Amino acid sequence: MKAQHSALCVEEAEEVVKELRALLAKAGITLPSLGLDPVSLAREAPCPLVDLGRCSVETARRIAAAMAAAAR
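Residues numbered from 1 in each chain as written. Predicted model: local features only at pLDDT ≥ 70, side-chain atom pairs only at ≥ 80, totals over all residues. Heavy atoms only, no water.

K.L.:
Help me understand the overall build of the protein in this model?
P.N.:
A count of helices and strands for the protein gives three helices and two strands. Ordered by position in the sequence, the α and β elements of the protein form the string α-β-α-β-α. Here the protein has a C-alpha radius of gyration of 14 Å; the compact-globule value for 72 residues is 11 Å, and the former is much larger. Dimensions of the protein, computed from C-alpha atoms along their principal axes, come out at roughly 40 × 25 × 15 Å. Counting only contacts in the protein whose residues sit at least 6 apart along the sequence, the fraction spanning at least 24 positions is 43%. Carbon and sulfur atoms provide 60% of the accessible area of the protein, an area that totals close to 5,600 Å². (Helix = DSSP H or I, 4+ residues; strand = E, 2+ residues; numbered from the N terminus. Rg over C-alpha atoms; globule rule 2.2 N^0.38 Å. Contact = heavy atoms within 4.5 Å. Areas by Shrake-Rupley, 256 points an atom, 1.4 Å probe, with all protein chains shown as cover.)

Written out as structure tokens, the structure reads:
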């Protein structure tokens, strides 16, 4: 049961990374290090974290602007 749960967690995390990458691209934003956190994948029963990574100040401003627009 743990193996099945772990596989579903990894699959869900991979899907959300793809979705987030696509949505950010539509807003003209690229997060080069967006992906799954390798340390959380290394656990016996992985349920990964999404690593957004670091970005430039310009990219952070674009993300903030996109979020502000979405909140309106």
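K.L.:
How should the pattern of salt bridges be read in this particular structure?
P.N.:
Using the criterion set out here, one finds two salt bridges in the structure. A salt bridge links Lys18 to Glu15; the nearest nitrogen and oxygen atoms lie 3.8 Å apart. Taken together, the residues Lys18 and Glu15, both in helix 1 (residues 2-26) and three residues apart, mark about one turn of the helix. Judged by relative accessible area, Glu15 falls into the partly exposed class, the value being 45%. (Salt bridge = Lys/Arg side-chain N within 4 Å of Asp/Glu carboxyl O. Buried < 20%, exposed > 50% of the residue type's maximum accessible area, 1.4 Å probe, protein only.)

K.L.:
Got a minute to help me understand helix 1 in this structure?
P.N.:
Count 3.6 residues to each turn of an α-helix, and residues three or four apart come out pointing the same way. In this model, helix 1 (25 residues) spans 36 Å end to end at C-alpha, consistent with the 36 Å of a helix rising 1.5 Å per residue. Residues of helix 1 that are buried include every one of Ser6, Cys9, Val10, Ala13, Val17 and Leu24, and no others. Tucked into the core, helix 1 has its buried residues touching strand 1 (35-36), helix 2 (38-41) and strand 2 (50-51). Downstream of helix 1 by a residue or two, Gly28 has a phi angle that is positive, lying close to 75°. (Expected span 1.5 Å × (residues − 1).)

K.L.:
Would you mind showing me how to read the side chain of Ser6 here?
P.N.:
Among the structural elements, Ser6 can be located in helix 1. On the basis of relative accessible area, Ser6 is assigned to the buried category, the value being 7%.

Everything listed is a geometric property; what it means functionally is a separate question.
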